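Chain by chain, the residues:
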Amino acid sequence: MKAISIFLMFFIVTSSSANAQIADDVYYKAPKSSSDTGSAVNKIGVYLSLGLGRSSISSLPANVAELDVIGLIASTSVAYNSHVATFTYTGSSSFTGGLETESTYSSSYFAFLLGESLRRKNCLLSLNLGIAQSEIRFTNSMFDRKYEHYSFKGISFPIEFKAFILANEAVGVGFHIYHNIDRKYSTSFMSISIVMGNWNKF
């Protein structure tokens, strides 16, 4: 009887230890809850965005009014944890004509930026600083044959901010804003963008 009691005690202890080990294995190997945003986000995320928005320029000569025109912006951001590298291109142009004058304006911007971000399962907030190749052209033609032409092309230093609302995979929408912080290329852009890419684990 004593031997049976010892055997039963040994069996219970052994079984309890085995169950504990199994429970431990399941706990450590089980994926984290999808509600845990930290576990849902890939270490590496890719965000491709295309937007339409307002381009502004305030660095033209004083006799030319500040311009606001519609332009396109395309951007690619690659994130590793919170770090972000971004390539951005923008282009905009306009033509206005009246009884006495005709004016054309165009600008372009290609930038490489580095920054930090807050990345969650359904959002991205990022702030980036970088360097850009910028170009601004403005022509004002008058019917009495007076003519004004301004053209600037060179290196500028932009700051960009992105705020994207993201679906669980592949698509999102948000705002993309940039501003050149040097006076010669004092341009800015604010757009609503469509976002595509890969940012979450599944």
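Source: prediction; values computed, not measured.

**Student:** Can you help me understand the overall build of the protein in this one?
**Tutor:** Counting its regular elements, the protein contains two helices and nine strands. Reading the helices (α) and strands (β) of the protein from amino to carboxyl end gives α-α-β-β-β-β-β-β-β-β-β. The buried share of the protein, taken over its 202 residues, is 36%. Sequence-distant contacts, at least 24 apart, represent 60% of the contacts inside the protein between residues at least 6 apart. Here the protein displays about 12,400 Å² of accessible surface, and carbon together with sulfur accounts for 66% of that area.

**Student:** It is not clear to me how empty space enclosed by the protein should be interpreted in this structure. Could you clarify?
**Tutor:** Over the atoms, a rolled probe matching the size of one water molecule traces out where space is still vacant. By the definition in use, this model includes one cavity of 30 Å³ or more. In this structure, the largest cavity occupies an estimated 40 Å³ of space. What lines the largest cavity is simply Thr90, Ser107, Ser108, Tyr109, Ser134, Glu135, Ile136, Tyr178 and Thr187. Looking at the lining of the largest cavity, the elements with two or more residues in it are β4 (101-120) and β5 (123-142). By residue class, the composition of the lining of the largest cavity is three nonpolar, five polar and one charged.

**Student:** How do you make sense of the environment of histidine 149 when you look at a structure like this?
**Tutor:** Take histidine 149: it is sitting in strand β6 (residues 147-156). Given the relative accessible area of 40%, histidine 149 is considered partly exposed. Separated by ten residues in the primary sequence, histidine 149 and threonine 139 place their C-alpha atoms 4.4 Å from one another. If we ignore the near neighbours within four places in the chain, the residues touching histidine 149 are Phe138 and Thr139.

**Student:** Help me out: how do you make sense of unusual backbone geometry in this one?
**Tutor:** Trans peptide bonds make up the majority, and among non-glycine residues the majority have a negative phi. Even without glycine at this site, asparagine 81 takes up a positive phi of about 55°. Position of asparagine 81 relative to the elements: it lies in the loop between β2 (67-80) and β3 (83-97). If you check the backbone angles, alanine 170 has positive phi at about 75° while not being a glycine. In this structure, alanine 170 sits in strand β8 (residues 170-180). Overall, the relative accessible area of 40% leaves alanine 170 in the partly exposed class.

**Student:** Quick question: what am I supposed to make of the confidence of the model for the protein here?
**Tutor:** Do not read the fine detail of predicted coordinates wherever pLDDT is low. Scored by pLDDT, the protein comes out at a mean of 76, with 68% of its residues at no less than 70. Segment residues 10-38 is flagged for pLDDT under 50; beyond a separation of four residues in sequence, or across chains, it makes six contacts in the model.

**Student:** Even after reading the chapter, I still don't get the side chain of serine 126, so can you show me in this structure?
**Tutor:** Positionally, serine 126 belongs in strand β5. Among the residues examined, serine 126 registers a relative accessible area of 2% and is labelled buried. A polar contact is formed between the side chain of serine 126 and the side chain of asparagine 128, at a distance of 3.5 Å. In this structure serine 126 touches Glu116, Ser117, Glu160, Phe161 and Lys162, once residues within four positions along its chain are discounted.

**Student:** Would you explain the packing of aromatic side chains in this entry?
**Tutor:** Each aromatic ring pair is specified by the distance between its two centres and by the angle formed by the two planes. Evaluation of the coordinates by the stated rule reveals five aromatic pairs. With centroids separated by 5.0 Å and ring planes inclined at 40°, the aromatic side chains of phenylalanine 87 and phenylalanine 112 adopt a geometry described as tilted. On the criterion of sequence distance, the pair formed by phenylalanine 87 in strand β3 and phenylalanine 112 in strand β4 is long-range, its members being 25 residues apart. Classification of phenylalanine 87 by relative accessible area gives partly exposed; the value is 43%. Arranged with centres 6.2 Å apart and planes meeting at 10°, the rings of tyrosine 178 and phenylalanine 189 form a pair that is stacked. Placement of the pair is tyrosine 178 in strand β8 and phenylalanine 189 in strand β9 (residues 187-200), with a sequence separation of eleven residues. Each member of the pair tyrosine 178 and phenylalanine 189 is classed as buried. Chaining the aromatic ring pairs together yields one cluster made of Phe87, Phe110 and Phe112.

Rules used throughout
- Residues numbered from 1 in each chain as written.
- Predicted model: local features only at pLDDT ≥ 70, side-chain atom pairs only at ≥ 80, totals over all residues.
- Heavy atoms only, no water.
- Helix = DSSP H or I, 4+ residues; strand = E, 2+ residues; numbered from the N terminus.
- Buried < 20%, exposed > 50% of the residue type's maximum accessible area, 1.4 Å probe, protein only.
- Contact = heavy atoms within 4.5 Å.
- Areas by Shrake-Rupley, 256 points an atom, 1.4 Å probe, with all protein chains shown as cover.
- 1 Å grid on protein atoms, 1.4 Å probe; cavity = no way out; pocket = protein on both sides within 12 Å on 5 of 7 lines; lining within 4 Å.
- Points joined across faces, edges and corners; volume = space filled by probe spheres on them.
- Nonpolar A, V, L, I, M, F, W, Y, C, P; charged D, E, K, R; others polar.
- pLDDT = per-residue confidence, 0-100.
- Polar contact = N/O pair within 3.5 Å; in protein donor to acceptor, adjacent residues only side chain to side chain.
- Phe/Tyr/Trp six-rings, centres within 6.5 Å; stacked < 30°, edge-to-face > 60°.

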